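# Tertiary structure, described
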Amino acid sequence: MAQDVIISKDLHAELAAAIEDVRPDRLFVLTDTTTVECCWPVIQHFDCLCEAQMITIGATDEAKTLESLSDVWTALGEGGATRHSLLINLGGGMVTDLGGFAASTFKRGIAFINIPTTLLAMVDASVGGKTGINFRGLKNEIGVFNEARTVILDTEFLRTLDDQNIRSGYAEMVKHGLISSDEELMELLRFDLDHPDLNALSSLVGKSVAIKERIVTEDPYEQGLRKALNLGHTVGHAFESLALANGQPVLHGYAVAWGLICELYLSATRCGFPTERFHQVEYFVRETYGHFQFDCKQYDHLYELMTHDKKNSAGVINFTLLGAVGDVRINQHVTKEDVFEMWDYFREG
Ligand code: GLY
């Protein structure tokens, strides 16, 4: 069944209609310890939720565990959930990923609705059917592809976010602009992130999600085109892992933004990506996300991290690069020397 993605105008009415569409025998709402405080109060008075049973798990990626998953299954079972019950996931990507997986596996699958509350979850995690948990130290190691019945995007929830989390989600939107069109990219680069206007942001979110939807509809299981969404992530994930290992974790979107500079450098030097566009994006990223510090003694470790990324196999790194904005080249291979040169460029900027 195709996923219904709604850019909200009236959350109460839209949620009521989405629940009515499923006609569940029992209704559950999953939050984490943060969203139960900041986001649940926005919707708890809705008539359509008056019989909802609450399930709350720990917040942050650290709670994306088998244990939390088991807690959700237990709460569903003890709450009398059947195959005809419905789970509403209210939270960031951790909640929508874990809740989506819990729903997909409970009694072989019950329906779920995602109401993402962070910008990152709105434009990326909650759309496209990737669900799962971390396992044995590996991110999203266990999971399934299964789409939410409905995704409702309401930028009002962004009022609960700090500036850094807005910027983090925005990096994925810039990525969507880059793989789509010059027009969409330039609109994103012009947006005033220092004083974000939520109405204008809502319209940009709608366009951004439409780009992701187009791609996942064509390639839901990441056999080809969906790899376009990995732009910036090959290097970004390595930066994220290095920062975590050094005890100074960075937000996902910041790592992706820095990864975009690196991978656009490769795109410009190896695939003919226009230099002027590259410098425009580079300027935006350096102004918005600052710098990521590392030195050449860490190049081998970073390279190792990239070869172990689950998107790569047999020690070969598959980059997604661009020949131009919207001209995506998947499964690109470059030499180790090219990668080290890319990092020299990034650090000198
Ligand atoms: N986050 C990338 C994807 O959904 O494929």
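Everything here concerns the structure above.
Being a predicted model, the structure only gives us computed values, none of them experimental.

### Some words on the sheet that holds strand β8 (residues 150-153)
Read across the open sheet, the 6 strands follow the order β1-β8-β5-β4-β2-β3; overall the sheet is parallel. The open sheet is flanked by β1 (4-7) and β3 (53-57), the only strands paired with a single partner. Taken pair by pair, the neighbouring strands of this sheet meet at an average axis angle of 20 degrees, ignoring direction. Relative to β8, strand β5 (residues 111-116) runs parallel, the two sharing 2 bridges. Within β8, the position partnered with Ile-113 by the bridge is Thr-150. Of the strands in this sheet, β1, β2 (27-32), β4 (86-91), β5 and β8 are in contact with helix α1 (residues 11-22), which crosses β5 at around 165 degrees. Against the sheet, helix α5 (residues 93-105) touches β2, β3, β4 and β5, its axis set at about 165 degrees to β4.

### A word on the layout of surface pockets
In this structure, the second largest pocket encloses a volume near 250 Å³. Contributing to the lining of the second largest pocket are 14 residues, with Gln-3, Glu-147, Val-216, Thr-217 and Pro-220 lying nearest its centre. Here the lining of the second largest pocket gets 3 residues from one element, more than from any other, and that element is helix α9 (residues 198-218).

### Section: the pattern of salt bridges
All told, the structure shown has 17 salt bridges when counted by the stated rule. Ionic pairing is found between Asp-97 and Lys-64, a salt bridge with its closest N-O pair at 2.8 Å. One end of the pair, Asp-97, is in helix α5; the other, Lys-64, is in the loop between β3 and α4 (66-78), and 33 residues separate them in sequence. Here Asp-97 and Lys-64 have matching classes, each one buried. One salt bridge connects Lys-207 with Glu-187, and the closest N-O pair in it is separated by 2.9 Å. A residue pair is termed long-range when its members are at least 10 positions apart, and Lys-207 in helix α9 and Glu-187 in helix α8 (residues 182-190) qualify at 20 residues. By relative accessible area, Glu-187 is classed as partly exposed at 27%. Connected via shared salt-bridge partners are Asp-163, Arg-167 and Asp-194.

### Here we look at the site of the ligand
Around the ligand sit Asp-124, Lys-130, Lys-212, Glu-222, Arg-226 and Leu-229, and that is every residue in its neighbourhood. For the ligand, an oxygen atom lies 2.9 Å from a polar atom in the side chain of Lys-130. Lys-212 has a polar side-chain atom sitting 2.6 Å from an oxygen atom of the ligand. Burial of the ligand by the surrounding chains reaches 88%, relative to a free accessible area of 200 Å². Among the residues making up the shell around the ligand, the classes are represented as 1 nonpolar, no polar and 5 charged.

### Overview of helix α7 (residues 163-178)
Helix length check: α7, at 16 residues, gives a terminal C-alpha distance of 23 Å against a target of 22 Å (1.5 Å per residue), a fit within 8%. With 13 of 16 residues buried, α7 is to be regarded as a mostly interior element.

### Some remarks on the packing of aromatic side chains
Per the stated rule, a full pass over the model turns up 20 aromatic pairs. On the basis of an interplanar angle of 40 degrees and a centroid distance of 4.7 Å, the ring pair of Phe-239 and Phe-292 is categorised as tilted. Of this pair, Phe-239 sits in helix α10 (residues 233-245) while Phe-292 sits in the loop between α12 (275-289) and α13 (299-307); the two residues are 53 residues apart in sequence, bridging distant segments of the chain. We note that Phe-239, like Phe-292, is buried. Taken together, a centroid distance of 5.8 Å and an interplanar angle of 40 degrees make the contact between Phe-278 and Tyr-345 tilted. Placement of Phe-278 in helix α12 and of Tyr-345 in helix α14 (residues 336-348) is noted, with a sequence separation of 67 residues between them. A network of ring pairs unites the aromatic residues Phe-239, Tyr-254, Trp-258, Tyr-289, Phe-292, Phe-294, Tyr-299, Tyr-303, Phe-340, Trp-343 and Phe-346 as a single cluster. Across the ring face of Phe-346, the terminal group of Arg-286 is positioned such that the distance to the ring centre comes to 5.3 Å.

What counts and what doesn't
Residues numbered from 1 in each chain as written. Predicted model: local features only at pLDDT ≥ 70, side-chain atom pairs only at ≥ 80, totals over all residues. Heavy atoms only, no water. Pairing = 2+ DSSP bridges. Helix = DSSP H or I, 4+ residues; strand = E, 2+ residues; numbered from the N terminus. Axes fitted to C-alpha atoms, helices over the stretch in contact; angles between N-to-C directions. Contact = heavy atoms within 4.5 Å. 1 Å grid on protein atoms, 1.4 Å probe; cavity = no way out; pocket = protein on both sides within 12 Å on 5 of 7 lines; lining within 4 Å. Points joined across faces, edges and corners; volume = space filled by probe spheres on them. Salt bridge = Lys/Arg side-chain N within 4 Å of Asp/Glu carboxyl O. Buried < 20%, exposed > 50% of the residue type's maximum accessible area, 1.4 Å probe, protein only. Near = heavy atom within 4 Å. Polar contact = N/O pair within 3.5 Å; in protein donor to acceptor, adjacent residues only side chain to side chain. Areas by Shrake-Rupley, 256 points an atom, 1.4 Å probe, with all protein chains shown as cover. Nonpolar A, V, L, I, M, F, W, Y, C, P; charged D, E, K, R; others polar. Expected span 1.5 Å × (residues − 1). Phe/Tyr/Trp six-rings, centres within 6.5 Å; stacked < 30°, edge-to-face > 60°. Lys NZ or Arg CZ within 6 Å of the ring centre and 35° of its normal.

Without other data, these values stay purely geometric and don't point to any function.
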